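# Structural description and commentary
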Amino acid sequence: MKWGIIGTGNMGQVLLHALTSSHAVDQHDLYLYNRTFMKAYALKRQYQNVHVVQTVDSIVSECDIIFLCAKPKEIIEIATKLKDEVSEEQTIISITSSVSVEHLESILPCTVARMIPSITNRALSGVTLLTFPQHIKSDKKEIILQTCKHFSTPVEVEEEHVRIASDIVSCGPAFLSYILEEMIQSAIRKTGLPKEQATTLVEQMVIGYGKLFKENIYDFSSLKEKVMVKGGITGEGMVALEDSFINVFDHVFDATHDKFYTEKEHIDHLVNEMNP
């Protein structure tokens, strides 16, 4: 089976690394296309046996499963271009939340799906979010699921929850990085702790924190209770945190959902215009 990636930007490269490093896909079976050819070709320095092609048509002629790793508008444009070239046996997968399986089904004659990756997949960990059309063949669905299991925990998500799930899985690492960087900067401002040392302390704390969950030692509540001794210093810090942090993610999710629905409305119009 041959696999194709159209678009070798950040998430295209994450997917490339996850597929090959987990041995889900052999490099010889992987084809890359990018609008800027040399950007894709440069990846051969690390992934020597992948195929880099100069046209989208070459991906279509060679590959059974094709990932569209581009911006939403570009995904619709690519899908529209491919609709007369793909066969019913092929599978095309979008990696962005605002392009639904319904959008792809309205354009393409082949099997479609949506897979939203996370930067954590780069470490062969984390979650991939999957949405399938109602009548997808069981064997094709199983291929996608089993492939994702090599480098992530695949989770099927309904259309109504895809944005919030993506906020947690895909945007979450950036949100948490911001919070942790704020912890580092505050430590530096308040105490003069060297930046390098503060950064090392936070990084190692996060690594250990993740292992507590991976090994099922604690859940969120029990971990907090274990650290926060009643009347202790952590408790005082928690009071201050609660006062300043209350409902902050309500605002974050309001912002991401507003952007999502605006983008989705634009995609709806674009699909109708390009595929009347």
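Structural data are supplied above this passage.
Calculation notes
- Residues numbered from 1 in each chain as written.
- Predicted model: local features only at pLDDT ≥ 70, side-chain atom pairs only at ≥ 80, totals over all residues.
- Heavy atoms only, no water.
- Helix = DSSP H or I, 4+ residues; strand = E, 2+ residues; numbered from the N terminus.
- Buried < 20%, exposed > 50% of the residue type's maximum accessible area, 1.4 Å probe, protein only.
- Contact = heavy atoms within 4.5 Å.
- Areas by Shrake-Rupley, 256 points an atom, 1.4 Å probe, with all protein chains shown as cover.
- Disulfide = S-S within 2.5 Å.
- Core = buried A, V, L, I, M, F, W, Y, C linked by side-chain atoms within 4.5 Å.
- Pairing = 2+ DSSP bridges.
- Right-handed = clockwise from strand over helix to strand, strands pointing away.

### Remarks on the overall build of the chain
Regarding its fold elements, the chain presents 11 helices and eight strands. For the chain, the spread of C-alpha atoms along the three principal axes comes to 70 × 40 × 35 Å. Burial analysis of the chain (276 residues in total) assigns 38% to the buried set. Counting only contacts in the chain whose residues sit at least 6 apart along the sequence, the fraction spanning at least 24 positions is 61%. When the accessible surface of the chain is summed, it comes to about 16100 Å², and 54% of that surface belongs to carbon and sulfur atoms.

### Remarks on helix α4 (residues 72-82)
Side chains three or four residues apart in an α-helix point the same way, a direct result of the helix having 3.6 residues per turn. Those residues of α4 that sit buried are Pro72, Ile75, Ile76, Ile78, Ala79, Thr80 and Leu82. Where α4 is buried, its residues touch β1 (3-6), α3 (56-62), β4 (65-68), β5 (91-94), α5 (101-107) and α11 (248-274).

### Quick look at the state of the cysteines
Applying the stated criterion to the full structure yields zero disulfides. Not engaged in a disulfide, the cysteine Cys110 finds its nearest cysteine sulfur in Cys63; these two sulfurs lie 13 Å apart. For Cys110, a relative accessible area of 8% puts it in the buried group. No disulfide involves Cys148; its nearest neighbouring cysteine sulfur is the one of Cys69, lying 12 Å away. For Cys148, a relative accessible area of 2% translates into the label buried.

### Describing the nonpolar core
Within the largest apolar cluster, 28 residues are counted, with the highest numbers of intra-cluster contacts made by Ile5, Leu15, Leu16, Leu19, Leu30, Leu32 and Phe67. Of all the elements in the fold, those that place two or more residues in this core are β1, α1 (10-21), β2 (30-33), β4, β6 (111-116) and α6 (138-149). The biggest single contributor to this core is α1, with four residues. Setting aside chain neighbours within four positions, we find Ile5 in contact with Gly12, Leu15, Leu16, Leu19, Leu30, Tyr31, Leu32, Tyr33, Ile59, Phe67 and Cys69. Listed in part, the 27 residues of the second largest apolar core include Ile59, Val60, Cys63 and Ile66.

### Considerations on the pairing of strand β7 (residues 127-131)
The element β7 is largely enclosed, with a buried count of four among its five residues. In terms of strand pairing, β6 meets β7 through three bridges, oriented antiparallel. Each bridged residue has a counterpart across the sheet, and for Arg114 the counterpart in β7 is Thr131. Pairing between β7 and strand β8 (residues 153-156): four bridges, direction parallel. Opposite Leu129, over in β8, you have Val155 as the bridge partner. Handedness of the crossover joining β7 and β8 through α6: right-handed.

### Describing the sheet that holds β5
Pairing is mixed across the open sheet formed by eight strands, whose spatial order is β3-β2-β1-β4-β5-β6-β7-β8. The open sheet has two edge strands with one neighbour each: β3 (51-52) and β8.

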